[in-house]
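Structure at a glance
These are the residues of each chain, in order.
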Amino acid sequence: MAKSNLQFKTNYAVSSTIEPFYKGGKVQISKDEKFIFCTCGTRVNVLQIVTGKIVHSIEQDDQEDITSFALSLDDEILVTASKALLLKQWDWKQAQCTRSWRAIHNVPIASMTFDPTATLLATGGCDGTIKLWDVVKQYCTHNLKGSSGVVHLVEFHPDISLLQLFSSASDCGIRMWDLRSSQCLCVLQSHYSPVTSLAFTPDGASMVSSGRDKICTVWDLKSRTARRTVPVYEAVESVVLLPEDEDFSEIGVKTKEIHFITAGSKGVLRVWDASSARCVFAQTLPSPPSAGGSEEGGEEYGDPRSLTYCLPLPSSLRLATVTAEHNILLYQLPSFTTQQQFVGFNDEVLDVKFLGKGDTHIVVATNSSQLKVFDLATSSCKILYGHTDTVLSLDVFKKGSLFVSCAKDKSVRVWRQDPDSGQVSCVAQGCSHANAVGSITCSRMKESFVVSGSQDCTIKVWDLPETIPETDGDMFQLTARVTEKAHDKDVNSVAVSPNDKLLVSGSQDRLAKLWSLGAPGADLALLGVFRGHRRGVWCVQFSPMDQVLASSSADGSVKLWSLQDFSCLKTFEGHDASVLKLIFVSRGTQLLTSGSDGLVKLWTIKTNECVKTLDAHQDKVWGLHATRKDDRVVTASADSNITVWTDVTEVEQAEEQAKQEDQILKKQELSNLLHEKKYLKALGLAISLDQPHTVLKVIKAIRQGEDGAKQLEKTVLKLRQDQKESMLRYCAVWNTNARSCLDAQAVIQVMLTHLSPEELLQYQGARAHLEGLIPYTERHMQRIGRLLQASMFLDYMWQKMRVTGAPASMDSQDEEMDTTSLQVPHPLFMIDKRPGEGGDGTKEQGDGEERWNEGEAEEDGGLEEDTNCPANMEEEEEDDDDDDDDDEVSITRKASVRGQREENGQNGKENGNHHSGSEESSREEDRGDQTEAKILLSAASLPPLQAIIS
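Under an unreviewed UniProt entry, the name given to the protein chain is Transducin beta like 3, and the source organism is Oncorhynchus kisutch. Looking at the protein chain in UniProt, the text filed under Subcellular location (unreviewed entry) is "Nucleus, Nucleolus".

Right, dumping it as structure tokens:
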């Protein structure tokens, strides 16, 4: 039983996340080709190409979206423009804003760029104006007007000595500006749609422009005329010139003429010869484009692989492209092989599974027809093409290299990952459902069959061949062995038992059904129906160990069912919304659930207790999966975040054990320090342990030692400021209890004597602590005052007593009351010194009894003291006051008895003996009361706490 308890998990910690870093907009690569800069809402993220990690994130303070940015060619200055019409200059390596100024544009800035010297910055606004800024001297140098519409493109001529600027706006022309005269030299007219990009030759004599009108134009900048128009048959978003000094003969480049690469709506990189206007090379895509788009224009906006940017990396001879789905791909030239892929934005993540022999990868289904396989170590991604509509569900076979997917395109596909190279290929597919396939599962023991559930309310069983093809060249076509009309509504989830003999399905009709798979070739047989959910069932899972299954529903509950009698064994409630996914962990003894509330909860089945709630998502958590070793969990949400969690139960237990061992060692060390009377170290150690009771014990030990007051003062003053703050906090609590108030007052006396009010008020919470000290200190003073009144009455009675046979001189000395022991610097109490009317002291005794009765009545009217509320003035500890009352009443009664014996003229010797015994008893009690009074009176003689607080 102990071993099973140890297997229970208590907590998971985030080990890594895959977050969106690019949501559209401008992309730029640093000159050293190490970083990619891209916009993501209010941030500019800096992605390190080698690791695929975001190393810097530059965010606007005003929380306004960034409309454009520019990085200088020396990689030193980054300037961003936001919708708030502010320009900000950044030291991007430190993520610090060094300067900000208001743009003179009346509307947001649409484009911006630096000149080759990193001195001038050109900004093109949506108001049709272009402004140039000197970022060194910090002023606006030019205001160029004349463009119509949004200026979406600005570029400096590479030869800075010419001081020329090119721009393009909604009028489809390319304007050439002379910065010396601030005049437009000419407008180059060739395109019939907005110009998307410009590329200059190294000598600056020629330029290539591209547009969405499916043509590229080669310009002679000296004559300012179009040299050639090249039809490219696709809307081109970006054009890049091939380096002239490199050998590209393997892709058909035979001459030294201008060759350029186009990237556009078809998602294919193509190399064109400017002199002959023909395509010399076209990139081969991993799989053919999705059906349904025509060659001319159907793919222009429908193909998710259409390209929006193409950026050169000349030093490493690479090329970077950005797709319409915000994926960034790096290609190696001249072979055009894919080197790296980064996913900038996953959109809504619908499912996720661990993949690979050691669960080193994850496969992700997003709101897209593409599958993405991430390497968890490097965050690099491989994009899988095959489905033609959104992929809805995934499942992985036991060995981890084979997985299946289903999509809205009514198809089921089987994929294989090469364990050595990591390449993934589609090896089988099946299409026979009449509607979108929303759930899929695979066999658990062998790679023998796949079960799918569809929105057409049917379940299909697909048999896999004994030898599955290794590549997608000879893809196997699957055929459904069994088709069963299982539910009245959409089938949301299907699961196969660990022995491959049972199948369970969950549907939107609020039912879960158990089926027998039987022998290969046999039909499905309904074994039972699980009823109880009030809304649709989202997920069903078999326990890996027991004959039970779990189901989650849109009613916010998770139910555990018996496979024997189909009864509900347990119900887990805790989610505030639909429970979308569940898995068994800890060998079937615990459950992990995820819901629409963005929470992941860990449940212990035996106790029905939610052990931990994991909160890392802001939207529905659709994906939830655990590794085969049960030590990691991955979650995926509609907020585009993918989070990998690590089981930290053993780590936390080890930390807790180490903490307890450290506490024991410190306690032993504290005991040794007290024994050795090293009070300063003992006090510091007790404060570090945050044990007020132990600190109080140390204070008591110091005060009980020789010269305790000086030793306490010396020790307290040597403490650090944070330790003094803790001491003040402890004293506020100790002062509420009459048993510990003397120690608290002694420490407070030291602090008030040696620390200035300004220094005290700098302590954290000092004002509240001092305010809590005042009322209880006053109450303790009142209590001591009542004790002093009672002791004065006893002294008075004693001095008025006559001893039989005593000489007259003694009687005359007793007529005056000795009050020397009550002399204090500032008298706090008024003492009635009126002389008695008779020599026997009868009236004085009566007056004393009246005053005692008044004091006793005040004490009886007190309330019990609450030590948890130091500011409560109306409560009092009855235990201490009752003890004091008992002592005072007994002393009064003794004095009354002695007075009566003296009046009745009893034997003088007996009276003298009794008188001697009473003297010793009363003086011992008075000595203890006066000691307590002196300490409190000494505290009262210090500056008032009200003055410090005020």
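On we go.
1. Points about the sheet that holds strand S40 (residues 458-463)
Spatially, four strands are ordered S38-S39-S40-S42 in an open sheet, and the strand pairing comes out antiparallel. The sheet terminates laterally at strand S38 (437-442) and strand S42 (480-485), the two strands that pair on one side only. Between one strand and the next, the sheet's axes are offset by a mean angle of 20 degrees, whatever the strand orientation. Taken together, the five bridges between S40 and S42 define a ladder with antiparallel strand orientation. Pairing of Val461 across the sheet is with Val482, part of S42.

2. Re the confidence of the model for the protein chain
Per-residue pLDDT for the protein chain averages 81, and the proportion of residues at 70 or more is 81%. By mean pLDDT, the top-scoring element of the protein chain is strand S47 (residues 537-542) (96), and the lowest-scoring one is strand S58 (residues 863-864) (36). Contacts for the low-pLDDT stretch residues 817-925, under 50 throughout, to residues beyond four places or in other chains number 121 contacts.

3. Considering the sheet that holds strand S29 (residues 337-343)
An order of S26-S27-S28-S29 is seen for the four strands of this open sheet, with the pairing classed as antiparallel. Strands with a single pairing partner mark the edges of an open sheet, and in this sheet they are strand S26 (307-313) and S29. For this sheet, the mean inter-axis angle between neighbouring strands, taken without regard to orientation, is 20 degrees. Where S26 and strand S27 (residues 318-323) come together, six bridges link them in antiparallel fashion. What sits directly across from Leu313, in S27, is Arg318.

4. Comments concerning helix H8 (residues 741-754)
When the terminal C-alpha atoms of H8 are compared, their 20 Å separation across 14 residues agrees well with the 20 Å that a helix rising 1.5 Å per residue should span. Within the sequence span of H8, burial applies to Cys741, Asp743, Ala744, Gln745, Ala746, Val747, Ile748, Val750, Met751 and Leu752.

5. A look at the packing of helix H5 (residues 692-704) against helix H7 (residues 721-734)
Look at H5 against H7: their axes get within 11 Å of each other, and the N-to-C directions meet at 90 degrees. Taken together, the axis directions place H5 and H7 in an arrangement best described as roughly perpendicular. Residues Pro692, Val695, Leu696 and Ile699 of H5 touch H7, and the partners they reach there are Met727, Tyr730 and Trp734. For the contact of H5 with H7, the residue count by class is seven nonpolar, no polar and no charged.

6. Overview of the pattern of salt bridges
By the definition in use, this model includes 17 salt bridges. Measuring nitrogen to oxygen at the nearest pair gives 2.8 Å for the salt bridge that ties Asp463 to Arg481. Highlighted residues: Asp463 in strand S40 and Arg481 in strand S42, separated in sequence by 18 residues. The class for Asp463 is partly exposed, based on a relative accessible area of 30%. We classify Arg481 as partly exposed; its relative accessible area is 23%. With a shortest N-O distance of 3.1 Å, Arg720 and Asp722 are connected by a salt bridge. Among the residues examined, Asp722 registers a relative accessible area of 40% and is labelled partly exposed. Beyond isolated ion pairs, a larger network of salt bridges with shared partners links Lys9, Asp630 and Asp647.

7. Re unusual backbone geometry
The omega torsion of the bond from Leu333 to Pro334 falls at 0 degrees, within 30 degrees of zero and hence cis. Counting through the fold element by element, Pro334 comes out in the loop between strand S28 (327-332) and S29. You will see that Ala95, though not glycine, has its phi angle at about 55 degrees, which is positive. Relative to the helices and strands, Ala95 is located in the loop between strand S8 (86-91) and strand S9 (96-102). The class of Ala95 is partly exposed, set by a relative accessible area of 36%.

Definitions and cut-offs
- Residues numbered from 1 in each chain as written.
- Predicted model: local features only at pLDDT ≥ 70, side-chain atom pairs only at ≥ 80, totals over all residues.
- Heavy atoms only, no water.
- UniProt positions renumbered as here; feature names shortened; annotations may be inferred.
- Pairing = 2+ DSSP bridges.
- Helix = DSSP H or I, 4+ residues; strand = E, 2+ residues; numbered from the N terminus.
- Axes fitted to C-alpha atoms, helices over the stretch in contact; angles between N-to-C directions.
- pLDDT = per-residue confidence, 0-100.
- Contact = heavy atoms within 4.5 Å.
- Expected span 1.5 Å × (residues − 1).
- Buried < 20%, exposed > 50% of the residue type's maximum accessible area, 1.4 Å probe, protein only.
- Parallel < 35°, antiparallel > 145°, perpendicular 65-115°, else oblique.
- Nonpolar A, V, L, I, M, F, W, Y, C, P; charged D, E, K, R; others polar.
- Salt bridge = Lys/Arg side-chain N within 4 Å of Asp/Glu carboxyl O.

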